[in-house]
Structures are given as C-alpha cells and as structure tokens.
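Single-letter residue listing:
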Amino acid sequence: MRGVQGAADRAVQHARAWLLETEPGSRVHDVQLDPRFQHRGVDLLWELPTGEVRGIEVKGDRNATRRRYFFELVSNLEKDTPGCFLYSGADLMVYVFLTQGELHVLPLPRVREWFLPRAKEYALKHAFTQTGAIRYTTVGAVVPVRDVAEGVPGVSAVKLKRAPVEVPGTQGVQAPTPDLGASGAAAALPEPADVGAPRRRSPKRTGTG
C-alpha cells in the first residue's frame, strides 16, 4: 500500500509542476482530502490567471512497458462502487506514466464520451488493493494510448524533464483553496454522473501490472 500511495504522490507532484509551467501565474490547490471534492473525483484545482478554475484528476501508472490507459470503471467490486472514470467531474485527467517518464493530458469529458459507446471493445482488468485486513478489487478497461489519441481531439503527451523538486518544509502541506461559496469553484464544477458515486474515494490506483 505504501508503494501505491508513494507513486500516487509522485504523479500529483508531476501534474502540479506541469500545470504551473503551462500557465505561468496560475495556482494549483490540492483538494485530495477535501470532502467537497472527493466524491467528484477531483484531486487538484487549477486556478488560471484569468480567474477560471479547472478540476484535475491525476492518475499514476508504474508499469514499465505499458502503452495503455487503465480507465477505472469499478473502484470497489465487493461494494459495487463506480470507478472514478465514470463519475469524475474533472475537466482534465493528467495520466502519468512514472517509469516511462511521460505525462498525458486527457480532456476527460470528451474521452468518456468517446469511450462509453466502445466500452465492449476493450478488455477488462482486475487489480487488487490490500488495506490492513481489507482486500478489495478494482476493475478497469485497458485502452491503448493510440486509440485515444486518434479518437479524441485535444489529447496531448509530454516527456517529463525531471522529478519535481519539493520545497523544504512544504511536504504534506496543502495550498489554501479558493472561496468555495455558491458562486465559487465548487458550484462551477459539474455534478458527478448519476452512477451512485461512493461517499469516500478508495486509494489511488497506480497501475495494474
């Protein structure tokens, strides 16, 4: 479990670094532990200089040879809870292939719209997570990177330059979130799809190999 969480943390660091480099002057707010966003499948809020706020879902994959995405369809098979790919209200999914050193940016609503009519074309894979005495199963579709790139406009991939550098004294410290009143970012993000999203999110999946 520790290795899984460590990989997830590294993926978030890479995503944060890329967002800040892409839009100088923007701010990134970590909302992974914020209950207002956990059920929406949003890990980061990207506050652009224009004031626009985008929701970001981050996925990390440690498989050294994979050229496929793992789209989580069921987060906990034993409890029959839907996967983040189905219910996330994020604008972008930042999918980080950690071993390969690549970061892929997927416009999540478009990818989901493209995938759902084709879901039966792709194999399902089961992954297992042990949390103390509890073991649960996650199910996802294994989708080639090429298929998504060819079928969905706006998908991009970049090589990671280097591991993001932690600023001393900031590890584990979350940036303050913007005002989340009725007219704030929380209201701006779409409501999750009507698929019975779980009340709490399971630990991040970081590859299925």
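See the structure printed just above.
Residues numbered from 1 in each chain as written. Predicted model: local features only at pLDDT ≥ 70, side-chain atom pairs only at ≥ 80, totals over all residues. Heavy atoms only, no water.

A. Layout of the environment of Val152. By the element assignment, Val152 lies in the loop between α5 (145-151) and β10 (156-159). Put simply, Val152 and Pro107 are 45 residues apart on the chain and 8.4 Å apart in space, counted from C-alpha to C-alpha. (Helix = DSSP H or I, 4+ residues; strand = E, 2+ residues; numbered from the N terminus.)

B. Local environment of the sheet that holds strand β9 (residues 134-144). Read across the open sheet, the four strands follow the order β5-β4-β9-β8; overall the sheet is antiparallel. Here the strands that pair on one side only, and so sit at the sheet edges, are β5 (81-82) and β8 (124-131). (Pairing = 2+ DSSP bridges.)

C. Expanded view of unusual backbone geometry. The backbone of Asp80 sits at a positive phi, close to 55°, despite the residue not being glycine. Tracing the chain through its elements places Asp80 in the loop between β4 (68-76) and β5. Here Asp80 falls in the exposed class, since its relative accessible area comes to 62%. (Buried < 20%, exposed > 50% of the residue type's maximum accessible area, 1.4 Å probe, protein only.)

D. The arrangement of the nonpolar core in detail. Within the largest apolar cluster, 25 residues are counted, with the highest numbers of intra-cluster contacts made by Tyr69, Phe71, Phe85, Leu106, Phe115, Val143 and Val148. Mapped by element, the contributors of at least two residues to this core are β4, β6 (92-97), α4 (108-115), β9 and α5. Sequence-distant contacts of Phe115, defined by excluding residues within four places in its chain, comprise Phe71, Leu73, Phe85, Tyr122, Ala141 and Val143. Among the nonpolar cores identified, the runner-up in size contains 18 residues, and Leu44, Ile56, Val96 and Leu103 belong to it. (Core = buried A, V, L, I, M, F, W, Y, C linked by side-chain atoms within 4.5 Å. Contact = heavy atoms within 4.5 Å.)

E. Inspection of the packing of aromatic side chains at higher detail. In this structure the tally under the stated criterion is 10 aromatic pairs. On the numbers, 5.0 Å between centres and 70° between planes, the contact of Tyr69 with Tyr95 is edge-to-face. Of this pair, Tyr69 sits in strand β4 while Tyr95 sits in strand β6; the two residues are 26 residues apart in sequence, bridging distant segments of the chain. Each member of the pair, Tyr69 together with Tyr95, is buried. Between Tyr69 and Phe97, the aromatic rings sit 6.0 Å apart at their centres with planes inclined by 35°, giving tilted as the arrangement. One end of the pair, Tyr69, is in strand β4; the other, Phe97, is in strand β6, with 28 residues separating them in the sequence. Phe97 shares its class with Tyr69; the two are buried. (Phe/Tyr/Trp six-rings, centres within 6.5 Å; stacked < 30°, edge-to-face > 60°.)

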